[in-house]
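Coordinates in review
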Amino acid sequence: MACNLKHLTYSLLLFISLIGSSIADDEDLLEWVQQDNRRFLNAVLRVSNLNRTIEFYTQSLGMTVLRKREIPEKDSFGAVLGYGPEESQFVLRLKQIHEGESLDIGTAYGHFGIATEDAYGLVDIIRAGGGVITREPGTLPGLSQIFAFVEDPDGYSIEILERPPTPFPINHINLHVVDLDRAIQFYQQALGLQLILIFDNPLEQYTMAIMGFDTNFTQITTVELQYNYNVTEYTSGNGYIQVAISTDDVFTSADEVELVIQELGGSIIRAPDENNKTFSFLDPEGFKTVLVENQVLVENRLKKQRGKLQGISIASE
Ligand SMILES: *[C@@H]1O[C@H](CO)[C@@H](O)[C@H](O)[C@H]1NC(C)=O
Ligand SMILES: *[C@@H]1O[C@H](CO)[C@@H](O)[C@H](O)[C@H]1NC(C)=O
Ligand SMILES: *[C@@H]1O[C@H](CO)[C@@H](O)[C@H](O)[C@H]1NC(C)=O
Ligand SMILES: *[C@@H]1O[C@H](CO)[C@@H](O)[C@H](O)[C@H]1NC(C)=O
């Protein structure tokens with residue numbers, strides 16, 4: 001672990017010296033990224049039977065359906081679920097796969113985690129609802145964190161963590177990476193995430209880095225980057241799609257990500273323009289991130305509210 005960090009510091013210095021000539025500008029950019037107003041908005045997962053998954057997430061996990069969209073003629077079914085409003089919380093966007101398609105969860109996506117004050121109690125509820133428990137609640141030797149793993153109806157893994165009360169119960173997403181140092185650097189440099197904790201579990205053969213936009217990982221949404229010893233390849237499947245993050249300025253954010261992609265790898269999927277202030281890219285491991293401008297989120301909210309108000313006035317006529 002110490003070795004990892006030393007290597008990381010070294011790589012970081014190497015990285016900074018590599019970008020050389022325009023270093024003053026780049027440092028300004030990096031500083032800007034770290035001060036940008038960012039939060040995790042949502043993660044998108046595709047499921048094979050939306051209604052069945054909704055039933056499990058609401059009845060066994062205690063989530064609420066925040067929004068639902070059904071357009072049968074377009075074979076389009078989606079829902080947004082979480083523990084609170086998507087305006088402030090990290091939520092899950094579920095999409096049903098199209099007819100005739102089969103869901104492949106792949107091996108690159110790990111799981112999402114839920115924080116609860118009573119992991120044993122929640123696991124009992126999940127069990128009573130017919131859910132599959134893949135790891136009974138317990139701790140790792142020498143550590144106090146109580147956790148368990150369960151599976152949803154598609155076989156997606158979900159971690160149940162016993163934690164103090166938190167405003168963000170959907171606690172993390174876990175992604176499997178083949179090059180942990182590179183992934184950490186990418187998320188620090190490109191997205192301004194802080195490395196909160198890195199720990200090695202030689203018994204179960206993995207090293208994990210927890211990264212977030214703040215430092216108390218029990219109180220925020222984080223991304224867990226997990227390196228499984230000696231695994232050099234993962235399959236991406238077609239289940240986990242992306243994570244979305246907000247920014248105050250998508251163009252400046254895109255500049256920084258592009259710079260880091262040149263150094264560490266990855267690719268741009270969609271550059272932002274004045275009509276569409278979102279920026280999509282793949283990190284060096286192939287995971288997709290979408291940056292969305294905060295102002296766009298505010299405008300969408302206003303549009304929705306106006307829609308609702310109109311709806312009310314029409315209904316009352
Ligand atoms: C899901 O359930 C709703 C009712 O709750 C129903 O209207 C809809 O047709 C169902 N969708 C599918 C794809 O079965
Ligand atoms: C994180 O926040 C929780 C809840 O407020 C608190 O109990 C805990 O001590 C904090 N941990 C750290 C490391 O600050
Ligand atoms: C597997 O990974 C561990 C930890 O990174 C390393 O110490 C070990 O040498 C590797 N084993 C093989 C066979 O590559
Ligand atoms: C912006 O582009 C994304 C990705 O192509 C798309 O999903 C989204 O609907 C677009 N938004 C607008 C407002 O056009």
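Each chain carries its own residue numbering, running from 1 in the direction its sequence is written. Working convention: letters from A go to chains and numbers from 1 go to ligands, in the order in which they are written. At least 70 in pLDDT is required for a residue's local features to be given in this predicted model, at least 80 for side-chain atom pairs to be given and counted, and no such filter applies to totals for whole chains, interfaces and linings, which use all residues.

This paragraph deals with the nonpolar core. Counting residues in hydrophobic clusters, the biggest one holds 64 residues, and the most contacted among them are I160, Y187 and L225. In DSSP terms, a helix is any run of H or I states spanning at least four residues, a strand is any run of E spanning at least two, and both are numbered starting from the N terminus. In terms of residue count, the dominant contributor to this core is helix α5 (residues 180–191) (7 residues). For L225, the contacting residues outside a window of four places in its chain are L175, V177, L180, A183, I184, A209 and M211. Among buried residues, those of type Ala, Val, Leu, Ile, Met, Phe, Trp, Tyr and Cys that are joined through C-beta atoms within 7 Å form a set called a nonpolar core. Residues with at least 20 neighbouring C-beta atoms inside 10 Å of their own are called buried, those with 12 or fewer are called exposed, and the rest are partly exposed, where every C-beta is derived from the backbone. Note on contacts: residues are paired as contacts if their backbone-placed C-beta atoms lie within 7 Å.

Further remarks concern the environment of Q89. Summarising the element assignment, Q89 is placed in the loop between β3 (76–82) and β4 (91–96). Taking C-alpha positions, Q89 is 8.5 Å from P169, a pair spaced 80 residues apart along the chain. Not counting residues up to four positions away in its chain, the partners in contact with Q89 are G82, Y83, G84 and F168.

Here we take up helix α3 (residues 50–60). Note that an α-helix has 3.6 residues per turn; residues three or four places apart therefore point the same way. Every buried residue belonging to α3 is among T53, F56, Y57 and S60, and all of these are buried. Looking straight down α3, one finds that the buried residues subtend no more than 105 degrees of arc, so they occupy a single side. Packed against the buried residues of α3 are β1 (40–47), β3, β4 and α4 (119–128). Two residues or fewer after α3 comes G62, characterised by a positive phi angle close to 80 degrees. Note that the arc is defined by the directions from the helix axis to the C-beta atoms.

The subject of this paragraph is the packing of α5 against helix α6 (residues 250–264). Inter-axis angles, ranging from 0 to 180 degrees, are taken between N-to-C directions of lines fitted to C-alpha atoms, where helices are fitted over the stretch in contact. The geometry of α5 relative to α6 is characterised by a closest axis approach of 9 Å and an angle of 160 degrees between their N-to-C directions. With respect to their mutual orientation, α5 and α6 come out roughly antiparallel. The hand of the α5/α6 crossing is right-handed. Contacts between α5 and α6 pair R182, Q185, F186, Q189 and A190 from the former with E256, V257, V260 and L264 from the latter. What sets the label is the angle itself: under 35 degrees gives roughly parallel, over 145 gives roughly antiparallel, 65 to 115 gives roughly perpendicular, and the rest give oblique. The crossing is said to be left-handed when, going from far helix to near helix, the turn is anticlockwise and less than a right angle, and right-handed when the turn is clockwise.

Attention now goes to the sheet that holds strand β15 (residues 278–282). Taken in spatial order, the 8 strands make up an open sheet running β2-β3-β4-β1-β13-β16-β15-β14, and their pairing is mixed. Edge positions in the open sheet fall to β2 (64–71) and β14 (267–270), since each of these has one partner strand only. Across this sheet, the average inter-strand angle for adjacent strands is 20 degrees, counted without regard to direction. For two strands to count as paired, DSSP must find a minimum of two bridges between them. Where β1 meets β4, 6 bridges bridge the pair, whose relative direction is parallel. Within the sheet, the bridge partner assigned to N42 lies in β4 and is V91.

pLDDT measures how confident the predictor is about each residue, on a scale from 0 to 100. Per-residue confidence for the protein chain averages 89 on the pLDDT scale, and 89% of its residues sit at or above 70. In this model, residues 1–23 is a region of pLDDT below 50 whose contacts with residues beyond four sequence positions or in other chains number 18 contacts.

Take the environment of S102 next. Within the secondary structure layout, S102 lies in the loop between β4 and β5 (109–116). For the pair S102 and S48, spaced 54 residues apart in the sequence, the C-alpha separation amounts to 7.4 Å.

Turning our attention to the pairing of β2. Alignment of β2 against β3, held across 7 bridges, turns out to be antiparallel. Note on β3: the bridge partner recorded for R67 is V80. Count of turn residues in the β2/β3 antiparallel hairpin: 4 residues, of which D75 carries a positive phi of about 55 degrees.

Before going further, it helps to examine the environment of S76. Positionally, S76 belongs in strand β3. Through-space distance from the C-alpha of S76 to that of Q96 is 7.2 Å; in sequence the pair is 20 residues apart. Discounting residues that sit within four places of it in the chain, S76 has contacts with R69 and I71.

Let's shift gears to α4. Within the span of α4, buried status applies to A119, L122, V123 and I126. Taken end-on, α4 shows its buried residues confined to a sector of 100 degrees, consistent with a single buried face. Along its buried surface, α4 packs onto α3, β5, β6 (132–138), β7 (147–151) and β8 (157–162). Looking one or two residues past α4, G130 carries a phi angle of roughly 90 degrees, positive in sign.

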